Amino acid sequence: MVFPFAIKAVLITILTLLFCLPSANAEPVSKYVLDVSIDIPSSEIRGTAKLEVLGVERVKLIRGAMQIHSMKLNNNPVSFSGTGRTVIVFPESDGVLEISYTDTFRIYGSDQQQDSGIAPNVIDGNGVSLTNTWYPAAEGLHEFSLTVTLPKGYEAVSEGEEILKTEGTNTTEFRFS
């Protein structure tokens, strides 16, 4: 009786494949491109975040204490609202939401949540450690690409399938994708 075993095996295989297929309600994965530069003497990070916005009615961003200087959707200025550490954007169409921001991370006197259980962000002459909110974090699933520009002599560590390092005269650029 090989047939009942073969039928069971085929049914199990089909069921397994069905469960592995993406759900019709599955959230799409959008691209999130971060490009930041670190200014050690001023303990400042300057960045641009480009978030692909597809079929969403609102985008919720956790911004921490960062200053958002501009926000554009498809190169057109957009308004946003929010109090405290959260910002809400209501995109009128699909496209790329571009956010220009800065933040300062000194070990003392910073505006970071000290009781979050996460080490505070620090930018100083001893190095850079960004472990808490340091970019506008959007809800949802994203495929990240990160470019970091640091003064020459510093190294960057992050995750990425591909890591590129480009040395300039006074800076070094690291690309994680």
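For the structure given in this document, a descriptive report is provided here. (Residues numbered from 1 in each chain as written. Predicted model: local features only at pLDDT ≥ 70, side-chain atom pairs only at ≥ 80, totals over all residues. Heavy atoms only, no water.)

1. Focus: the sheet that holds strand 1 (residues 30-39)
Item 1. The strand order across the open sheet formed by eight strands is 5-4-7-2-1-11-13-12, and the pairing between neighbours is mixed. In this open sheet, the two strands that pair with only one neighbour each are strand 5 (76-77) and strand 12 (163-167).
Item 2. Across eight bridges, strand 1 lies against strand 2 (residues 44-53) in antiparallel orientation. Within the sheet, the bridge partner assigned to tyrosine 32 lies in strand 2 and is leucine 51. (Pairing = 2+ DSSP bridges. Helix = DSSP H or I, 4+ residues; strand = E, 2+ residues; numbered from the N terminus.)

2. A few points about the pattern of salt bridges
Item 1. Taken as a whole and judged by the stated rule, the model has eight salt bridges.
Item 2. Note that lysine 31 is salt-bridged to glutamate 143, the shortest N-O span being 3.9 Å. One end of the pair, lysine 31, is in strand 1; the other, glutamate 143, is in strand 11 (residues 142-151), and 112 residues separate them in sequence.
Item 3. For glutamate 173, the salt bridge identified is with arginine 175, shortest N-O distance 3.2 Å.
Item 4. With a relative accessible area of 27%, glutamate 173 lands in the partly exposed category.
Item 5. Here the residues in one salt-bridge network are Lys152, Glu155, Lys165 and Glu167, joined through shared partners. (Salt bridge = Lys/Arg side-chain N within 4 Å of Asp/Glu carboxyl O. Buried < 20%, exposed > 50% of the residue type's maximum accessible area, 1.4 Å probe, protein only.)

3. Remarks on the sheet that holds strand 6 (residues 86-89)
Item 1. Taken in spatial order, the three strands line up as 6-3-10 in an open sheet, and their pairing is antiparallel. A strand with exactly one partner marks an edge of an open sheet, and here the two such strands are strand 6 and strand 10 (137-138).

4. Side note on the layout of surface pockets
Item 1. Approximately 650 Å³ is the volume found for the largest pocket.
Item 2. Along the wall of the largest pocket there are 24 residues; nearest its centre are Trp134, Leu146, Val157, Ser158 and Glu159.
Item 3. Every element with two or more residues in the lining of the largest pocket is listed here: strand 1, strand 9 (127-129) and strand 11.
Item 4. Top contributing element to the lining of the largest pocket by residue count: strand 11, with six residues.
Item 5. A per-class count over the lining of the largest pocket returns 14 nonpolar, six polar and four charged. (1 Å grid on protein atoms, 1.4 Å probe; cavity = no way out; pocket = protein on both sides within 12 Å on 5 of 7 lines; lining within 4 Å. Points joined across faces, edges and corners; volume = space filled by probe spheres on them. Nonpolar A, V, L, I, M, F, W, Y, C, P; charged D, E, K, R; others polar.)

5. Observations concerning the side chain of serine 43
Item 1. Looking at where serine 43 falls in the secondary structure, it is placed in the loop between strand 1 and strand 2.
Item 2. Looking at serine 43, its side chain comes within polar contact range of the main-chain oxygen of isoleucine 123, at 2.7 Å.
Item 3. In this view, serine 43 contacts Asp103, Thr104, Phe105, Arg106, Ile123 and Asp124; residues no more than four positions away in its chain are not counted. (Polar contact = N/O pair within 3.5 Å; in protein donor to acceptor, adjacent residues only side chain to side chain. Contact = heavy atoms within 4.5 Å.)

6. Things to note about the nonpolar core
Item 1. Core analysis: the biggest nonpolar cluster contains 31 residues, and Leu34, Val59, Leu61, Met71, Leu97, Tyr101 and Trp134 have the highest contact counts within it.
Item 2. Secondary-structure elements contributing two or more residues to this core are strand 1, strand 2, strand 3 (59-62), strand 4 (67-73), strand 6, strand 7 (95-104), strand 11 and strand 13 (171-176).
Item 3. Not counting residues within four places of it along the chain, the set of residues in contact with leucine 34 comprises Thr48, Ala49, Tyr101, Trp134, Tyr135, Phe144, Ser145, Leu146 and Thr147. (Core = buried A, V, L, I, M, F, W, Y, C linked by side-chain atoms within 4.5 Å.)

7. Side note on the pairing of strand 11
Item 1. Sheet analysis places strand 1 next to strand 11, joined by eight bridges and oriented parallel. From the neighbouring strand, valine 33 faces strand 11, where its bridge partner is serine 145.
Item 2. Bridge count between strand 11 and strand 13: six bridges; the pairing is antiparallel. When the bridges of strand 13 are listed, threonine 149 appears paired with glutamate 173.

8. Examining the pairing of strand 4
Item 1. Of the pairings in the sheet, the one linking strand 4 to strand 7 comprises six bridges and is antiparallel in character. Each bridged residue has a counterpart across the sheet, and for glutamine 67 the counterpart in strand 7 is threonine 102.
Item 2. When strand 4 meets strand 5, the two strands line up antiparallel, connected through two bridges. Directly across from lysine 72, in strand 5, lies its bridge partner proline 77.

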